[in-house]
Amino acid sequence: MLKDVSCQIEEHKIIGLIGRNGAGKSTFLNILAGHIKPTAGKVTIYQDNPFNSITTATNTMFIEEGMTFPNGNNIARILEIAKCFYPNWQQELAEKLLQYVGISLNGLYDKLSKGQRSTFNLVYGLSARCAITLLDEPMNGMDEAVRADMYRAILKEYIAYPRTIIISSHHLKEIEHLIEEILLINNGQVALHKELEEVQQFAVRLIGQPEQLEPYRNHALFERNEGPLAEIIVEKKYFNGHSSIQSEAVSASDVCKYVTANRMGGIDDVFK
Amino acid sequence: MNLNIDGTTPIYVQIAEWLRNEILAERLVADSKVYSQYQLAELFNINPATAGKGLTLLLEEEILYKKRGLGMFVTAQAKEMILQKRRGETLQQLARELVVEARRLAVTDDELIELVQKMQRGE
C-alpha cells in the first residue's frame, strides 16, 4: 500500500493529508497511530516506534470512520470513560459541542446516523486535546452546515491548545484555509510535501498556439490540445515568461489533481 | 469577512492587502496595535501561521513594526508608503488594462479621456 514514504512532520502544525481514494492516506495514519505495523521502514514519534507504544497511545488521537466504542454505552458514559483515558480531556467542551449539534448525552452511539457519528467522533477527538490528533476524512457524511461549524471548531481548538493535527481529505479546497502544509500521497508515495503557499506557486498554466507550447511538452503535468489553442501545465521553474503565451496561476487543489493524474489529458483522453 | 478562496492568490497576501486597506481607511493609524495572528486567524477563519505570514510581509515592507512582547504596530510612514505604492503599481496596472480593453473595442483616445472625465464628475 505504501512504499518509499519519507517525510518529517513538525509539531504544532496542521497538515493536510491529500490524495485520491486508495492512495494510502488511511494506511499512513494507521501506521502513525500505531494501529498497523509497517512491513518495512521506520516510523518515529517521540523517539519511539508508535506500534505498541504506550507513549503514542496516550498522546495520539486517531479519528476514523470505522472507530468503535464499547457496545451498548450511551454518549454520557463514553465521555466518562474518555475522562479516565485522556489527561487533557475537556468535558465541558465536549458537552457544549454535542448540545450545539443536537446529539443527546442519553442517546446510544450505535443509534446515531452516519453524519452524527462522524460529528461525535470529531468532538471526541478534539475534546481529548491529544498532542497528536489524526483525523481521517472526519467530515464524511456530515451535512454542509455542520461541516463548516466543525472546521471552525478545529481551528478554535487548535488556537486554544496548539497541537499537531493531520487531517486527511480527498477534497483539498475544503481544508485549504485550515492547513499550513500539504502532504500529497499518490500510489503509496509522497508526491509533494510543501507549505500551502509553495503549492499555490508550484505550477503555471500556459495557453497558446500548439507550436509555441511545443518546448514545454516534455515537462507537462497536463496537456490539452482541443480547439485552436493548446493548454499545458508545467512546474513554474520551467517557464520564464513569453510574450505570446498566456500564463495563469494554478490553484493548490489543481496542482494536487494534476500531480496525481493517471492520464496526461484527463477525461478528454477517454473520448479520443 | 470574505477572502477570495479560488486558491490562486495566497491567503497571506490577501491578509496583508486587507490590513493595508484598513490603514488606508485610517481604521488602523500610526502607532496603533494591529491584530495578532490569532485574532486574524479567528476573524478570517484561517490557519494562524498563514495569518502570521501576512503580518511578516508587512513587517518586511516596514508598514508594521514589532514591540517585543507587545505585538505589532503601524509605522508612522505606513499610509504614505501604501499610497505611493498603489499609485505606482495598482493604478498603472488598472490604467494599462483600461487602455488594452479600449483598443480592443476600438474606442478612440478622446473617447476614453472623455469617459474618465465623466467618471470623475460622477456622471
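Asks: Tell me about the sheet that holds strand β8 (residues 222–224) of chain A, and please be specific about residues and values.
Replies: Residues and elements named next belong to chain A. With respect to topology, four strands assemble into an open sheet ordered β8-β9-β7-β10, the strand pairing being antiparallel. Unpaired on one side and paired on the other, β8 and β10 (246–249) mark the two borders of the sheet. Each strand axis lies, on average, 20° off the axis of its neighbour in the sheet, ignoring direction.

Asks: Explain the pairing of strand β9 (residues 230–235) of chain A to me, and be specific about the residues and the numbers.
Replies: All names here are of chain A. Where burial is concerned, most of β9 is hidden: six out of the six residues are buried. Strand direction decides the pairing type here: strand β7 (residues 203–208) and β9, joined by six bridges, are antiparallel. Considered in β9, the bridge of L206 is made with I232. Between the antiparallel neighbours β8 and β9 lie five residues, among them G227 with a positive phi of about 80°.

Asks: So what about empty space enclosed by the protein? Which residues, and what values?
Replies: All names here are of chain A. Within the structure shown, the criterion is met by two cavities of 30 Å³ or more. For the largest cavity, the calculated volume is near 40 Å³. Along the walls of the largest cavity sit I63, E64, E65, S118, N121, D136, E137, P138 and N140, which together make up its complete lining. In the lining of the largest cavity, the residues fall into two nonpolar, three polar and four charged.

Asks: Break down the interface of chain B and chain A for me, with residues and values.
Replies: In this assembly, 16 residues from chain B lie in contact with 19 residues from chain A. Among the residues of chain B in contact with chain A, E42, N45 and N47 of chain B are the three that bury the most area, contributing 35% of the side total. On inspection of chain B and its partner chain A, the count reaches four salt bridges. The shortest N-O distance in the salt bridge between R152 of chain A and E42 of chain B comes to 3.8 Å. Scanning the region where chain B abuts chain A turns up seven residue pairs in polar contact (both at pLDDT 80 or more). The set of elements that each furnish at least two residues to the side of chain B that touches chain A consists of α1 (11–24), α2 (37–44) and α3 (48–60) of chain B. The element best represented in the side of chain B that touches chain A is α3 of chain B, accounting for four residues. Within the side of chain B that touches chain A, the residues separate by chemical class into eight nonpolar, five polar and three charged.

Asks: Can you tell me about the nonpolar core, naming the residues and giving the values?
Replies: Judged by nonpolar contacts, the single largest core of 56 residues is most densely connected at F120, Y124, I154, I167 and I182 of chain A. Here this core takes seven residues from helix α6 (residues 144–160) of chain A, the largest share from any one element. In terms of domain composition, this core takes at least three residues from each of domain 1 (14–179) and domain 2 (198–270) of chain A. Excluding residues within four positions of it along the chain, F120 of chain A makes contact with F69, I75, I78, L79, L98, I103, Y109 and L112 of chain A. Counting 21 residues, the second largest nonpolar core, distinct from the first, contains A16, W18, F44 and L64 of chain B.

Asks: Describe in detail the sheet that holds strand β1 (residues 14–18) of chain A, supporting the description with residues and values.
Replies: Residues and elements named next belong to chain A. Pairing is mixed in the open sheet, where six strands are placed in the order β2-β3-β4-β1-β5-β6. Two strands in the sheet have a free side with no partner beyond their single neighbour: β2 (60–63) and β6 (189–195). Strand-to-strand, the axes of this sheet are offset by a mean angle of 15°, without reference to chain direction. Relative to strand β4 (residues 164–169), β1 runs parallel, the two sharing five bridges. Paired with I15 across the strands is I166, a residue of β4. Running over the sheet, helix α10 (residues 252–259) touches β1, β5 (181–186) and β6 and is turned about 20° from β5.

Asks: Residues and numbers for the environment of G19 of chain A, please.
Replies: All names here are of chain A. As for its placement among the helices and strands, G19 is situated in the loop between β1 and α1 (25–32). Among the residues examined, G19 registers a relative accessible area of 5% and is labelled buried. Note: C-alpha distance between G19 and I159 (140 residues apart in sequence) is 26 Å. Setting aside anything within four residues of it in sequence, one finds G19 in contact with K25, S169, H170, L184 and I185.

About the criteria used
Residues numbered from 1 in each chain as written. Chains lettered and ligands numbered in written order. Predicted model: local features only at pLDDT ≥ 70, side-chain atom pairs only at ≥ 80, totals over all residues. Heavy atoms only, no water. Pairing = 2+ DSSP bridges. Helix = DSSP H or I, 4+ residues; strand = E, 2+ residues; numbered from the N terminus. Axes fitted to C-alpha atoms, helices over the stretch in contact; angles between N-to-C directions. Buried < 20%, exposed > 50% of the residue type's maximum accessible area, 1.4 Å probe, protein only. 1 Å grid on protein atoms, 1.4 Å probe; cavity = no way out; pocket = protein on both sides within 12 Å on 5 of 7 lines; lining within 4 Å. Points joined across faces, edges and corners; volume = space filled by probe spheres on them. Nonpolar A, V, L, I, M, F, W, Y, C, P; charged D, E, K, R; others polar. Contact = heavy atoms within 4.5 Å. Buried area = accessible area lost by both parts, 1.4 Å probe. Salt bridge = Lys/Arg side-chain N within 4 Å of Asp/Glu carboxyl O. Polar contact = N/O pair within 3.5 Å; in protein donor to acceptor, adjacent residues only side chain to side chain. Core = buried A, V, L, I, M, F, W, Y, C linked by side-chain atoms within 4.5 Å. Domains from an automatic or database assignment.

By themselves, these observations are geometric and do not establish any function.
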